[in-house]
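Tertiary structure, described
Read off the chains here:
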Amino acid sequence: MKVCIVVEGCYPYVVGGVSSWVHSLILQFPNVEFSILTIAADRSLRGKFVYEIPENVSEIREIYVQDVDWTGPQKRRKPFRLRKKDFQALNSLILNEQIDWNGIFEFFSSVSFSVNDLLMGKDFLLMAEALYKKSYENVTFSDFLWSLRSMYLPLFLCLKTPLPKADLYHCVATGYAGVIGSMAKVLNHAALLISEHGIYSREREEDIIKATWVQGVYKNIWIEHFKKMSTCSYQQANQVTSLFESARALQIELGCPAEKTLVTPNGIDPSRFADIPGKQDGDEKYFNIGAVLRIAPIKDVKTLINAFYYAKQREPSLKLWIMGPWEEGDAYAQEVFSLVETLQPEDLIFTGRINVTEYLGRMDATILSSISEGQPLTILEGFAAKCPAIATNVGNCEGLIYGEGGDSLGSAGIVVDTMSVAGLSDAMVKLARNPEQAKQMGEIGYRRLMEKYQLSQMKATYRSLYRKMAEITGCEWNEASLRRCEEQEKEQTISHADA
């Protein structure tokens, strides 16, 4: 079976989170040939991969949502006009009325045209006028038209991308990735599996509500645009997974048929943390808290630093390690370092990108200050090192820390409100002043990990899903080949241990 993984804004350009999950999934199935269709912002990211690509990845194709529409030498030609059936299909998308996605897919795959010619042409103008008269006559038409063009340019560029052949398209989001996967499924008579780590349309809605680049009624237009794409993905998918039960409920609320949904928790390999180095000389006098994260706005690092600054004044034993990369020249990273210069907190360490197994054994707790998450692997990795977690109440952080679904183990840390300097600060102080309680919480986290969140459990789930998708398409799922690969891996592990 050949699997094409479709991702947006993550693998293989950035580390952590969804990227780590994708990389781990590929490594778990050495018997499967994978290709990667990755959606990036623009060509400045071309080929800038931060992962060593596994041997069973045969191809990586990059799509840029901010790109030039390459059409070759410009020639004097007639204005581009749509055939009647193509106009009707695209018009159903613009008006959001019984959208003919199959007609849209057929048009983009079979007709040679320039996206620029389409967006600047008479047909798109007529569609925009119809939507304007239907719902938006209270705004300036020229602004409305240009907003629609900017909205549909990324989607149309994605839809024009040549698609790799595969038996299964595995999309790690809805949105642009989900629409591309839907198109590939229809055109190549394949299967479609969607694994949502966060609920894409809801996350984009939250982003747009907070955004300053879009105002007034245009916020609603953008929100509906992302909902349309997610609805398409849910309709076309053979199976839709989520990381925890409340996320599954939200998928159903947003229009995904309940019978397609399945909860598949994240998993890590706890054996990676079995013999990690412990505390070093000098660590004993501190209560070390580790934040494994990329320095990015979604991680809300500035709130974390402010919280640590105030906590440190109350509890001198605290030491904060921010462990993760940042992009040189990135505006948010510069804001973070400027804040550190202003506050000058003692015992705050920036390590840059690290191997977490070399550091987590030195930590007494982990901390996560994000404003949005799914089911963070960093909390599970902390549990593997028997570290309790402090985390904001986003995604499934509460479920990981306090338990869910009949879990009676107890608390493995402290959950606080998002963007709460006081909440994070109080939590750091509380654990530092109660080290025995923190240690007990770490033990609970470890037990919870071993019961429910091991990589072997996640692998078994996706093994079953891949086998199911193979049956749908009638392609071969070579179970014997996978078992041989697993045996070879075990033999290599034993031989390395003996050496």
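Since the structure is predicted, the reported quantities are computational estimates derived from the model, not experimental observations.

**Quick word on the overall build of the chain**
When its secondary structure is counted, the chain shows 18 helices and 13 strands. In terms of overall dimensions, the chain is globule-like: its C-alpha atoms have a radius of gyration of 24 Å, near the 23 Å expected for 499 residues. Once the C-alpha set of the chain is aligned to its principal axes, its extents read approximately 75 × 55 × 45 Å. Classification of the 499 residues of the chain by burial places 54% in the buried group. Within the chain, contacts between residues at least 6 apart in sequence are counted, and of these 72% link residues at least 24 apart. With an accessible surface of roughly 22600 Å², the chain has 49% of that area assigned to carbon and sulfur atoms. Here the chain carries 53 positive and 62 negative side-chain charges, and the mean point of each set is 6 Å from the other.

**Focus: the pattern of salt bridges**
Counted under the stated rule, the structure contains 23 salt bridges. The residue Glu373 makes a salt bridge to Lys299 at a minimum N-O spacing of 2.7 Å. Taken together, the residues Glu373 in the loop between β11 (365-368) and α13 (377-384) and Lys299 in the loop between β8 (287-292) and α11 (301-314) connect sequence positions 74 residues apart. Each of the two residues, Glu373 as well as Lys299, counts as buried. One salt bridge connects Arg448 with Asp407, and the closest N-O pair in it is separated by 2.6 Å. Of this pair, Arg448 sits in helix α16 (residues 435-452) while Asp407 sits in the loop between α14 (397-402) and β13 (413-416); the two residues are 41 residues apart in sequence, bridging distant segments of the chain. Judged by its relative accessible area of 24%, Asp407 falls in the partly exposed class. Three or more residues joined by partner-sharing salt bridges are found here, namely Arg83, Lys85, Asp86 and Glu106.

**What to know about helix α5 (residues 122-135)**
Taking 1.5 Å as the rise per residue, α5 with 14 residues should run 20 Å; its terminal C-alpha atoms sit 20 Å apart, in good agreement. Those residues of α5 that sit buried are Asp123, Phe124, Met127, Ala128, Leu131 and Tyr132. Residues of α5 that are buried in the fold lie against α2 (84-95), α4 (115-120) and α6 (141-159).

**Looking at the side chain of Thr241**
Tracing the chain through its elements places Thr241 in strand β6 (residues 239-242). Accessibility expressed as a relative area gives 1% for Thr241, which makes it buried. Leaving out residues up to four positions away in the same chain, Thr241 has contacts with Leu193, Ile194, Ser195, Glu196, Gln251, Leu262, Thr264, Tyr462 and Leu465.

**Some details on the pairing of strand β1 (residues 2-8)**
The element β1 is extensively covered by neighbouring structure, given that 6 of its 7 residues are classed as buried. Across 7 bridges, β1 lies against strand β2 (residues 33-40) in parallel orientation. Bridge pairing in β2 places Val6 opposite Leu37. As a crossover connection, the stretch from β1 through helix α1 (residues 17-28) into β2 is right-handed. Pairing analysis gives 4 bridges linking β1 to strand β4 (residues 168-171), with the strands arranged parallel. Along β4, the bridge assignment pairs Cys4 with Tyr169.

**Some remarks on the sheet that holds β13**
The 6 strands lie next to each other as β10-β9-β8-β11-β12-β13, forming an open sheet whose pairing is parallel. Where the open sheet ends on each side, the last strands, each with one partner, are β10 (348-350) and β13. For this sheet, the mean inter-axis angle between neighbouring strands, taken without regard to orientation, is 20°. Looking at chain direction, β11 and strand β12 (residues 389-392) are connected through 3 bridges and run parallel. Bridged to Thr366 within β12 is Ala389. Packed onto the sheet, α11 meets β8, β9 (318-323), β10 and β11 and runs at close to 165° relative to β9.

**Quick notes on the packing of α11 against helix α15 (residues 421-433)**
When two helices pack together, their arrangement is given by the angle between the helix axes and by the axis-to-axis distance. Relative to each other, α11 and α15 sit at 45°, their axes nearing to 8 Å. Between α11 and α15, the crossing angle belongs to the class labelled oblique. Helix-helix and strand crossings are classified by hand; for α11 and α15 the assignment is right-handed. Of α15, the residues touching α11 (which contributes Thr303, Leu304, Asn306, Ala307, Phe308, Tyr310, Ala311 and Arg314) are Val421, Leu424, Ser425, Asp426, Met428, Val429 and Arg433. Its residues assigned to classes, the contact of α11 with α15 comprises 9 nonpolar, 3 polar and 3 charged.

**Observations regarding the packing of α1 against helix α17 (residues 455-473)**
Between α1 and α17, the least distance of the axes is 11 Å, while the angle of their chain directions is 70°. The orientation of α1 with respect to α17, classified from their angle, is roughly perpendicular. Considering how the two elements wind past one another, α1 and α17 form a crossing that is right-handed. Residues Trp21, Ser24, Leu25 and Gln28 of α1 form the contact with α17, whose participating residues are Leu455, Met458, Lys459, Tyr462 and Tyr466. Classifying every residue of the contact of α1 with α17 gives 6 nonpolar, 2 polar and 1 charged.

**Re the packing of aromatic side chains**
Taken as a whole and assessed by the stated rule, the structure comprises 29 aromatic pairs. Centroid distance Phe80 to Phe113: 5.5 Å. Interplanar angle 20°. Geometry classified as stacked. Note that Phe80 is positioned in the loop between β3 (57-64) and α2 and Phe113 in the loop between α3 (101-110) and α4, a separation of 33 residues in sequence. Measuring from ring centre to ring centre gives 5.1 Å for Phe107 and Phe108, while their planes differ by 70°; the resulting arrangement is edge-to-face.

**With respect to unusual backbone geometry**
With an omega of 0°, the peptide bond running from Tyr11 to Pro12 counts as cis. Position of Pro12 relative to the elements: it lies in the loop between β1 and α1. Phi at Asp347 takes a positive value of approximately 60°, unusual for a residue other than glycine. Among the structural elements, Asp347 can be located in the loop between α12 (331-343) and β10. Asp347 gets classed as partly exposed once you look at its relative accessible area, which sits at 21%.

**Overview of the nonpolar core**
Ranked by internal contacts, the top residues of the largest apolar core, which has 75 residues, are Leu148, Tyr152 and Phe156. Broken down by element, the residue count for this core peaks at 10 residues, all from α6. Leave out the neighbours within four places in its chain, and Leu148 touches Ile94, Phe124, Ala128, Leu131 and Ile221.

Conventions we followed
- Every chain is numbered independently, its residues counted from 1 as its sequence is written.
- Local features in this predicted model are restricted to residues whose pLDDT is 70 or higher, and side-chain atom pairs enter the listing and the counts only when it is 80 or higher, whereas totals over whole chains, interfaces and linings include all residues.
- Each side-chain value is worked out from all heavy atoms of the structure, with water and hydrogens disregarded.
- Secondary structure elements follow DSSP: runs of H or I of four or more residues count as helices, runs of E of two or more count as strands, with numbering from the N terminus.
- The reference for a compact globule is 2.2 Å times residues^0.38; the radius of gyration itself is calculated from the C-alpha atoms.
- Note on classification: 1.4 Å probe, protein chains only; a residue is buried when its accessible area is under 20% of the maximum for its type, exposed when over 50%, partly exposed between these limits.
- Every residue pair with non-hydrogen atoms within 4.5 Å of one another is taken to be in contact.
- Surface accessibility in these figures is a Shrake-Rupley result with a 1.4 Å probe; residues are shielded only by whichever protein chains are displayed.
- Counting rule applied: Lys, Arg positive; Asp, Glu negative; His and chain ends not counted.
- Charged groups are reduced to one reference atom each: NZ for lysine, CZ for arginine, CG for aspartic acid, CD for glutamic acid.
- Between Lys or Arg on one side and Asp or Glu on the other, a salt bridge is scored when a side-chain nitrogen of the former is within 4 Å of a carboxyl oxygen of the latter.
- What a helix should span is 1.5 Å times the count of its residues minus one.
- DSSP bridges decide pairing: two strands pair if at least two such bridges lie between them.
- By convention a crossover is right-handed if, when the strands point away from the viewer, the path from the first strand over the helix to the second runs clockwise.
- All axes are obtained by fitting lines to C-alpha atoms, using only the stretch in contact for helices, and the reported angles, taken between N-to-C directions, cover 0 to 180 degrees.
- The labels follow the angle: roughly parallel below 35 degrees, roughly antiparallel above 145, roughly perpendicular from 65 to 115, and oblique for the rest.
- Take the far helix as the reference: if the near one is turned anticlockwise from it by less than a right angle, the crossing is left-handed, and if turned clockwise, right-handed.
- Put simply, Ala, Val, Leu, Ile, Met, Phe, Trp, Tyr, Cys and Pro go in the nonpolar bin, Asp, Glu, Lys and Arg in the charged bin, and everything else, Gly too, in the polar bin.
- Within 6.5 Å between ring centres, the rings of Phe, Tyr and Trp (the latter by its six-membered ring) count as paired, and their orientation is classed by plane angle as stacked under 30 degrees, edge-to-face over 60, tilted in between.
- The term nonpolar core refers to a set of buried residues drawn from Ala, Val, Leu, Ile, Met, Phe, Trp, Tyr and Cys, joined through side-chain atoms within 4.5 Å.

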